[in-house]
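The chain contents come next:
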Number of protein chains: 2
Amino acid sequence: MAQKELKEFIDNASQIYLSHLSLDCVVFGFHDGQLKVLLLKMKNSDRWSLPGGFIKQAESMETAAIRVLNERTGLDSIFLQQFHVFSDPGRSDNKEKNAHLRRAGIAVPAGHWFMQRFLSVGFYALVDFSTVTPQPDAFSDDCAWWDIGETGQLILDHSRILFKALEVLRLQLHYQPIGYNLLPPKFTMPELQKLYETILGRKLDRRNFHRKILSYEILRPLKEKRQGVAHKAPQLYSFDTIKYQKALKEGLGGI
Amino acid sequence: MAQKELKEFIDNASQIYLSHLSLDCVVFGFHDGQLKVLLLKMKNSDRWSLPGGFIKQAESMETAAIRVLNERTGLDSIFLQQFHVFSDPGRSDNKEKNAHLRRAGIAVPAGHWFMQRFLSVGFYALVDFSTVTPQPDAFSDDCAWWDIGETGQLILDHSRILFKALEVLRLQLHYQPIGYNLLPPKFTMPELQKLYETILGRKLDRRNFHRKILSYEILRPLKEKRQGVAHKAPQLYSFDTIKYQKALKEGLGGI
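A. Layout of the relation of the copies chain A and chain B. Mapping chain A onto chain B calls for a rotation angle of 180 degrees and an axial translation of 0.0 Å; the resulting RMSD is 0.1 Å. The operation mapping one copy onto its partner corresponds to a two-fold rotation axis. The rotation axis passes nearest to the C-alpha of Tyr175(A) in chain A, at a distance of 3.1 Å. Mapped onto chain B, 100% of the interface residues of chain A again fall at the interface, so both copies present the same surface.

B. Looking closely at the side chain of Ser49(A). Residue and element names in this part refer to chain A. Assignment of secondary structure puts Ser49 in strand E3 (residues 48-49). By relative accessible area, Ser49 is classed as buried at 4%. Aside from chain neighbours lying at most four places away, what touches Ser49 is Leu39, Leu40, Met42, Ile155 and His158.

C. Region of the structure containing the interface of chain A and chain B. Of the residues lining the interface, 41 residues belong to chain A; the matching set on chain B comes to 41 residues. Taken together, the two surfaces of chain A and chain B that pack against each other cover about 3100 Å², and 61% of this comes from carbon and sulfur. The three residues of chain A that bury the most area against chain B are Leu171(A), His174(A) and Ile255(A), which together make up 24% of that side's buried surface. At the boundary of chain A with chain B, the tally comes to two salt bridges. Here Lys249(A) ties to Glu167(B) by a salt bridge, and the two come within 3.8 Å at their closest N and O atoms. There are 19 residue pairs in polar contact (both at pLDDT 80 or more) connecting chain A and chain B. Taken together, the elements giving at least two residues each to the side of chain A that touches chain B come down to strand E1 (17-31), helix H2 (61-73), strand E5 (81-86), strand E6 (119-128), helix H4 (158-172), helix H5 (189-200), helix H6 (206-215) and helix H7 (241-250) of chain A. Residue contributions to the side of chain A that touches chain B peak at four residues, all from E1(A). For the side of chain A that touches chain B, the residue count by class is 19 nonpolar, 12 polar and 10 charged.

D. Broad picture of the confidence of the model for chain A. When pLDDT is averaged along chain A, the result is 90; 98% of the residues meet or exceed 70. Predicted as a complex, the structure gets a pTM of 0.91 and an ipTM equal to 0.90.

E. Looking closely at the sheet that holds strand E8 (residues 187-188) of chain B. If you trace the three strands from one edge of the open sheet to the other, you get E8-E10-E9 (chain B), paired in antiparallel fashion. If you trace the sheet from one side to the other, it starts and ends with E8 and strand E9 (219-225) of chain B, each paired once.

F. Up close: the nonpolar core. Membership of the largest hydrophobic core comes to 50 residues, with the highest contact counts inside it found for Leu23(A), Met61(A), Leu23(B) and Met61(B). For Met61(B), the contacting residues outside a window of four places in its chain are Val85(A), Ser87(A), Leu119(A), Leu21(B), Ser22(B), Leu23(B), Ile55(B), Gln82(B), Val121(B) and Phe123(B). In this structure, Ile255(A), Phe83(B), Leu169(B) and Ile199(B) belong to the second largest nonpolar core, which totals 42 residues.

G. Geometry of the pattern of salt bridges. Counted according to the given criterion, the structure contains 26 salt bridges over all chains. Across the salt bridge formed by Arg91(A) and Asp24(A), the nearest N and O atoms sit 3.9 Å from each other. Remark: Asp24(A) occurs in strand E1 and Arg91(A) occurs in the loop between E5 and helix H3 (94-103); sequence separation between them is 67 residues. Between Glu197(B) and Lys203(B) there is a salt bridge whose closest N-O contact spans 4.0 Å. Residue Glu197(B) is classed as buried on the basis of its relative accessible area of 11%. Here the salt bridges share partners, and the residues they tie into one network are Glu59(A), Arg67(A), Glu71(A) and Arg72(A).

H. Representation of the domain arrangement of chain A in the model. Residues and elements named next belong to chain A. Per the domain assignment, the segments of chain A are domain 1 (3-172) and domain 2 (189-250). Just the C-alpha atoms count here: the centres of domain 1 and domain 2 sit 33 Å apart. Taken together, the contact between domain 1 and domain 2 spans eight residues of the former and six residues of the latter. Together, the buried faces of domain 1 and domain 2 total about 600 Å²; carbon and sulfur atoms form 76% of this surface. On the surface where domain 1 and domain 2 come into contact, there are zero salt bridges. If you look at where domain 1 meets domain 2, you find one residue pair in polar contact (both at pLDDT 80 or more). Going through the elements one at a time, strand E2 (34-42) and H4 are the ones with two or more residues in the side of domain 1 that touches domain 2. Its residues placed into classes, the side of domain 1 that touches domain 2 shows five nonpolar, two polar and one charged.

I. Structural view of the packing of H5(A) against H6(A). Residue and element names in this part refer to chain A. Their axes nearest at 11 Å, the elements H5 and H6 cross at an angle of 95 degrees. Classified by the interaxial angle, the pair formed by H5 and H6 is roughly perpendicular. Between H5, through Met189, Leu192, Gln193 and Tyr196, and H6, the contact on the second element is made entirely by Arg206, Phe209, His210, Ile213 and Leu214. Looking at the contact of H5 with H6, its residues break down into six nonpolar, two polar and one charged.

J. Spotlight on the packing of aromatic side chains. In this structure the tally under the stated criterion is 37 aromatic pairs over all chains. The interplanar angle of 45 degrees and the centroid separation of 6.2 Å between the aromatic rings of Tyr180(B) and Phe239(B) together place this pair among those described as tilted. Here Tyr180(B) is found in the loop between helix H4 (158-172) and E8, whereas its partner Phe239(B) is found in strand E10 (residues 235-239), with 59 residues between them in sequence. According to the relative accessible area criterion, Phe239(B) is buried, its value standing at 8%. An angle of 45 degrees between the planes, with centres 5.2 Å apart, marks the rings of Tyr180(B) and Tyr244(B) as tilted. Of this pair, Tyr180(B) sits in the loop between H4 and E8 while Tyr244(B) sits in helix H7 (residues 241-250), and the two are 64 residues apart along the sequence. Overall, Tyr180(B) belongs to the partly exposed group, its relative accessible area being 43%. A relative accessible area of 6% means that Tyr244(B) is categorised as buried. Among the aromatic residues, those joined into a cluster by ring pairs are Phe9(A), Tyr17(A), Phe54(A), Trp113(A), Phe114(A) and Phe118(A).

Rules used throughout
All residue numbers refer to positions counted from 1 along the written sequence of the respective chain. To read the labels, note that chains go from A and ligands from 1, taken in the order they are written. Where local features are concerned, this predicted model is filtered to residues with pLDDT of at least 70; where side-chain atom pairs are given and counted, the filter is 80 or more; whole-chain, interface and lining totals use all residues. The side-chain numbers reported here are obtained from all heavy atoms of the structure, hydrogens and water having been left aside. Here the copies are matched by least squares. The fit uses the C-alpha atoms of residues with pLDDT of at least 70 in both. Here, two residues are considered to be in contact whenever any of their heavy atoms come within 4.5 Å of each other. In DSSP terms, a helix is any run of H or I states spanning at least four residues, a strand is any run of E spanning at least two, and both are numbered starting from the N terminus. Burial here depends on accessible area, computed with a 1.4 Å probe over protein chains only, as a share of the maximum for the residue type. Under 20% is buried, over 50% is exposed, and the range in between is partly exposed. Put simply, buried area is the surface a 1.4 Å probe can reach on two separate parts but cannot reach once they are joined, added for both. Any carboxyl oxygen of Asp or Glu that lies within 4 Å of a side-chain nitrogen of Lys or Arg is treated as forming a salt bridge with it. Each polar contact in these results corresponds to two N or O atoms within 3.5 Å; when the atoms are within protein, one needs to be able to donate a hydrogen and the other to accept it, and residues that are neighboring in sequence are counted only if both atoms are side-chain atoms. In the scheme used here, Gly and all other residues not listed as nonpolar or charged are polar, with Ala, Val, Leu, Ile, Met, Phe, Trp, Tyr, Cys and Pro taken as nonpolar and Asp, Glu, Lys and Arg as charged. The pLDDT value expresses, per residue, how confident the predictor is, ranging between 0 and 100. Two strands pair under a simple rule: DSSP has to find at least two bridges between them. Buried Ala, Val, Leu, Ile, Met, Phe, Trp, Tyr and Cys residues that are joined via side-chain atoms within 4.5 Å together make up what is termed a nonpolar core. Domain start and stop points were drawn from an automatic or database domain assignment. Note on geometry: axes are C-alpha line fits, over the in-contact stretch for helices, and angles between N-to-C directions span 0 to 180 degrees. Small angles under 35 degrees read as roughly parallel and large ones over 145 as roughly antiparallel, with 65 to 115 read as roughly perpendicular and the rest as oblique. Only centres within 6.5 Å qualify two rings of Phe, Tyr or Trp (six-membered ring in Trp) as a pair; their planes then separate them into stacked at under 30 degrees, edge-to-face at over 60, and tilted for everything else.

See below:
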């Protein structure tokens, strides 16, 4: 977005968007055993932020989140999940907001819409990062995938939002299936295990994983084996779509 | 709250509370094999609603929710959990809001703070309903425990909020321990199973439940048995507090 467009956004925001409500997206990217997160570099600064945005006067949170993410990633079918409202009254630091605006070459008067307290609704998603071309927004001059744990201190409370999303994603592995949009349609057990290990950030016992994941009854073992493997070709699996969808709704295994 | 206080609330709300943001609480009550939900009866109407309220200008969502619940239940240490933001632009039905105000004897001008679109943050809690004395609020003339499934159609989208909370609570059984504040300090396996069955709304296999719940390692079998039982006194258990807290944070069993 050029300087002129940025100024227009600031001038008209209070007419277009709801006051004191924003959203922030934690987009986790998985590919080939790596877990990354999508971040924006603030203009003329070395500080990074989560992609986020505001909610139009007559828009649902979900529509707003999908719009924001589409602008940042080009993806239009990301499955975004609300996970928490961040509402600490001290989270909107006006000194920090002013500094970012100044570096972007914008000045706003005291009492401007942008200087209100903002509560932010956190969304998270997990995508295959090899399918995404990141796009900076009006406040940023770079958008990139960062290794989890190497992001440093993000702006405002964004490090806390990222950490909370990771906690929720890790908990989610206990009760919802995962992997449908992250693995090829036919995959091996070690590939699926690697996905879980990458998200959890720790090694899992091969036998326990095998036994547990089969007990969920969301996998179909295929008759074919992987081609072009020298010897002992590994068993291939695919997800049982109907049981996968049912488990998404009702939970895995459990009591 | 008397009529005068209600009018004061409506007159001053825009100075005290954030605009277009509310919260609604789904308080589930468990006791002796029954699952209930706390509802308010709208003044001079036969429609019921979830207890809810607004967020003060410099208050966090959590502080606001605890304040609202304390006013309705007298409890000050309820563990409330955010579960969803309800943000459908059509959810604030002004015709319905006006009708409720009219029945409460209050008229507000068009464009009043109360007539805005409201997004609502849903919280849920699970308490022992035998410990709670329900209190009506300014808009209601009764506050009572209702059997889940017998509530009829609640106001606005409150039936949807209740249904969503029940879905989240049932999913939660798959990955977090439950029962600490709902069972006596020493309890039997059938008592714990009854809690799960009541929340899930279905019977569970006794052996599977026993095996599964012990595999979570959150229970301590006690040396003593229940007193005053004629023959075959049942084994008593208590929760292992440290492991229970750990499982709350990191999830149960799972992968």
